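Residues per chain, in single letters:
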Amino acid sequence: MKRFHILLLSVVSLSVIISSCGKSTVPGTQDGNWYRFVAPFQGPARSHAASFVLNPDGNGNGTTAYVGTGFSNRNTKFNDFYQAIPIGDSSLTWAQVASFGGSSRSDAVGFAVGGKGYVGLGIDTADNYLSDFWQYDSTLNQWTSIAPYPGNARANAVAFTINNIGYVGTGYDGYNYYGDFWKYDPSSNSWGQSITFGGFKRSGAVAFVYNNMGFVVTGIGESNGVVNDFYRFSTTAVPADAYHQAQLPNSWLHLNAITNTSTATFDDGYTNIQRSNAVLFVMSGVTSGLGSPDAGRPKAFLTCGTAGSSTWEYDIISDLWTTRTSYESQSVSYGVGFTINNRGFVTTGLSGGTGVSATSEFFPDQVYNQQD
Amino acid sequence: MHRRFLFLSIGFVLIIFYAFYFNQLKREFNLSQKQKGLIFIKVKPIQTNLGWGYEIEVDGKPFIHQEFIPSIFGRRGFATKEDAELVGNRAVAKITDSQMSPAISIKDLEELGIQLKPSDTLQIKK
């Protein structure tokens, strides 16, 4: 009898713990969970915004994200900017900062070096492609015009930072796709030509940094088709490992293609990684897949864009992709993804022809919960 | 002994039941408020070393933490608590007016009589 009571108490206690969490979980594999109710973007709903993350480490993870410019569904272009700081388990607070110093624009690009943000390029309200660049000082809350981009004016470029140098390249100017990269040195306020991108010229790609190497993937190429090649840039020599060939200094290394192009089985399921105008964020120490060889590794998460809401996880160490829980809010193109405090967020974007302000956070280690 | 244990168990089960029931009610209430499009917004002035700013909570969750005057160049807080409240309320009015964006423009600041300096809209060239 006593055993029965103990058993009863245990069952009831367990059910209470589950119910009191306020999040009912659904059965499923640990594919990650999108939390949809993060404080929405503070400015008017929009797409084609630019962003940067301040105080990034060598892996692109910083402390404060800045999102601004872009355009609304009424084709109004913006120059306002907002900062996002994570609080609590699944939320952000926003604050409106100084409006961007340059003209209102869409499709600009951003990066951060040495505690300052840099935003430039894009398309203005008169559909001119732009080459100006501006520096944001968060301490002064002030924008300063810096040396213009020396390459052709363009939009939908990508940028990343390695060892206090910003690299900006690829993009489109209405006629031409680009593969050239230029590097900005804040200490001399000057640009120099970097090594041209190793893959197809493209627009609407995504870039990220890990271990002071720049990665560029996805996008749309000259044939107006989404491209499937994937490259990594390093300024220093990288020795070969179990998954990569040796890389020379200042070179682009070809990584596994993002479609099923090999005779091996690892890419048989690579059905819809290809896309353009997607969003991406990087998280370190993801513990999902415990028991599998990739547990605890740094991962990049790719979602949205022209391929819809499917989400893919890229294991940076092994150069392999696996599917994750699809993006749960309305799928967007031309959105923004960023990592702050090792937490991955997606905000703004174009959905059904309309700019949105919804913001979501991805929890790769959680079981999918359709109610949040 | 058995009887006492039984009562304890029943009491515990009842507490659990009410906790669960309350949690369900809370969830349903939140859901119905969302379905009705109702949101609860609170604005409060905050004082920092920059001066006065404001915080806005939506549905009990922090949304905006604005320590300095939005939109202008420079990190300058509002001169008075009243100014901060005034601009915070303009931001709230924009949310509740279905504009959905509490963004504040220079025009908003001017309309609300916030004292601006020429340097607030200055652009700098390197």
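Residues numbered from 1 in each chain as written. Chains lettered and ligands numbered in written order. Predicted model: local features only at pLDDT ≥ 70, side-chain atom pairs only at ≥ 80, totals over all residues. Heavy atoms only, no water.

1. Observations regarding the overall build of chain A
Okay, so step 1: Secondary structure summary: chain A contains one helix and 30 strands in total.
Okay, so step 2: Looking at chain A residue by residue over its 372 residues, the buried ones come to 58%.
Okay, so step 3: Considering only contacts in chain A between residues 6 or more positions apart, those separated by 24 or more positions represent 53%.
Okay, so step 4: Element-wise, carbon and sulfur atoms account for 52% of the exposed surface of chain A, whose accessible area totals about 13900 Å². (Helix = DSSP H or I, 4+ residues; strand = E, 2+ residues; numbered from the N terminus. Buried < 20%, exposed > 50% of the residue type's maximum accessible area, 1.4 Å probe, protein only. Contact = heavy atoms within 4.5 Å. Areas by Shrake-Rupley, 256 points an atom, 1.4 Å probe, with all protein chains shown as cover.)

2. Brief notes about the layout of surface pockets
Residues and elements named next belong to chain A.
Okay, so step 1: Approximately 970 Å³ is the volume found for the second largest pocket.
Okay, so step 2: As for the second largest pocket, its lining consists of 48 residues, and the residues nearest its centre are Ser51, Gly110, Ala159, Ala207 and Gly337.
Okay, so step 3: Of all the secondary-structure elements, those providing two or more residues to the lining of the second largest pocket are β2 (50-54), β7 (109-113), β12 (158-162), β17 (206-210), β22 (279-283) and β26 (336-340).
Okay, so step 4: Taken together, the residues of the lining of the second largest pocket sort by class into 28 nonpolar, 18 polar and two charged. (1 Å grid on protein atoms, 1.4 Å probe; cavity = no way out; pocket = protein on both sides within 12 Å on 5 of 7 lines; lining within 4 Å. Points joined across faces, edges and corners; volume = space filled by probe spheres on them. Nonpolar A, V, L, I, M, F, W, Y, C, P; charged D, E, K, R; others polar.)

3. A look at the confidence of the model for chain A
Okay, so step 1: Per-residue confidence for chain A averages 88 on the pLDDT scale, and 87% of its residues sit at or above 70.
Okay, so step 2: Considering only residues more than four positions removed or in separate chains, one finds that residues 16-28 of chain A, a stretch of pLDDT under 50, has 18 contacts. (pLDDT = per-residue confidence, 0-100.)

4. With respect to the environment of Tyr167(A)
Residues and elements named next belong to chain A.
Okay, so step 1: Checked against the element boundaries, Tyr167 lands in strand β13 (residues 165-172).
Okay, so step 2: Residue classification places Tyr167 among the buried residues on the basis of a relative accessible area of 4%.
Okay, so step 3: Taking C-alpha positions, Tyr167 is 11 Å from Val216, a pair spaced 49 residues apart along the chain.
Okay, so step 4: Sequence-distant contacts of Tyr167, that is, excluding residues within four places in its chain, are made with Val158, Ala159, Phe160, Ile162, Phe181, Trp182, Lys183, Ser194, Phe233 and Thr235.

5. Quick notes on the sheet that holds strand β20 (residues 230-234) of chain A
Residue and element names in this part refer to chain A.
Okay, so step 1: Ordered by their spatial adjacency, four strands build an open sheet running β17-β18-β20-β21, and the pairing between neighbours is antiparallel. With one partner strand each, in any of the chains shown, β17 and β21 (251-254) form the two edges of the open sheet. Geometrically, the sheet is characterised by an average inter-axis angle of 25° between neighbouring strands, direction not taken into account.
Okay, so step 2: Across five bridges, the pairing between strand β18 (residues 213-217) and β20 is antiparallel. Its bridge partner being in β20, Val216 is matched across the sheet by Tyr231. (Pairing = 2+ DSSP bridges. Axes fitted to C-alpha atoms, helices over the stretch in contact; angles between N-to-C directions.)

6. Remarks on the side chain of Asp180(A)
Okay, so step 1: Relative to the helices and strands, Asp180(A) is located in strand β14 (residues 177-185).
Okay, so step 2: There is a polar contact of 2.7 Å between the side chain of Asp180(A) and the side chain of Arg154(A). (Polar contact = N/O pair within 3.5 Å; in protein donor to acceptor, adjacent residues only side chain to side chain.)

7. So, unusual backbone geometry
Residues and elements named next belong to chain A.
Okay, so step 1: In the Ramachandran plot, Asn141 falls in the positive-phi region, its phi being about 50° despite a non-glycine side chain.
Okay, so step 2: Examined against the element boundaries, Asn141 turns out to sit in the loop between β10 (133-137) and β11 (142-146).
Okay, so step 3: You can call Asn141 buried: its relative accessible area is 0%.
Okay, so step 4: We note that Asn212 has phi near 60°; this positive angle belongs to a residue other than glycine.
Okay, so step 5: Relative to the helices and strands, Asn212 is located in the loop between β17 and β18.

8. A short note on the sheet that holds strand β30 (residues 359-363) of chain A
Residue and element names in this part refer to chain A.
Okay, so step 1: Pairing is antiparallel in the open sheet, where four strands are placed in the order β1-β30-β27-β26. The open sheet has two edge strands with one neighbour each: β1 (33-38) and β26. When strand polarity is set aside, the average angle formed by the axes of neighbouring strands in this sheet is 30°.
Okay, so step 2: Two strands pair when backbone bridges link them, and β1 and β30 are joined in this way by four bridges, in the antiparallel orientation.

9. Notes on the pairing of β7(A)
Residue and element names in this part refer to chain A.
Okay, so step 1: With five of its five residues buried, β7 lies for the most part within the structure.
Okay, so step 2: Side-chain alternation along β7 places Val109, Phe111 and Val113 on one buried face and Gly110 and Ala112 on a second face that is also buried.
Okay, so step 3: Where β7 folds back onto strand β8 (residues 116-120) in an antiparallel hairpin, the turn is made up of two residues, including Gly114, whose phi is positive at roughly 55°.

10. Focus: the nonpolar core
Okay, so step 1: Counting residues in each nonpolar core, the largest one holds 36 residues, and the members touching the most others are Trp94(A), Phe338(A) and Phe78(B).
Okay, so step 2: The set of elements that each furnish at least two residues to this core consists of β1, β3 (64-68), β4 (81-87), β5 (91-97) and β26 of chain A together with β2 (51-58), β3 (61-66) and α2 (81-99) of chain B.
Okay, so step 3: Broken down by element, this core gets its largest block of residues, five residues, from α2(B).
Okay, so step 4: Counting residues in each nonpolar core, the second largest holds 22 residues, with Phe215(A), Val238(A), Leu302(A) and Trp312(A) among its members. (Core = buried A, V, L, I, M, F, W, Y, C linked by side-chain atoms within 4.5 Å.)

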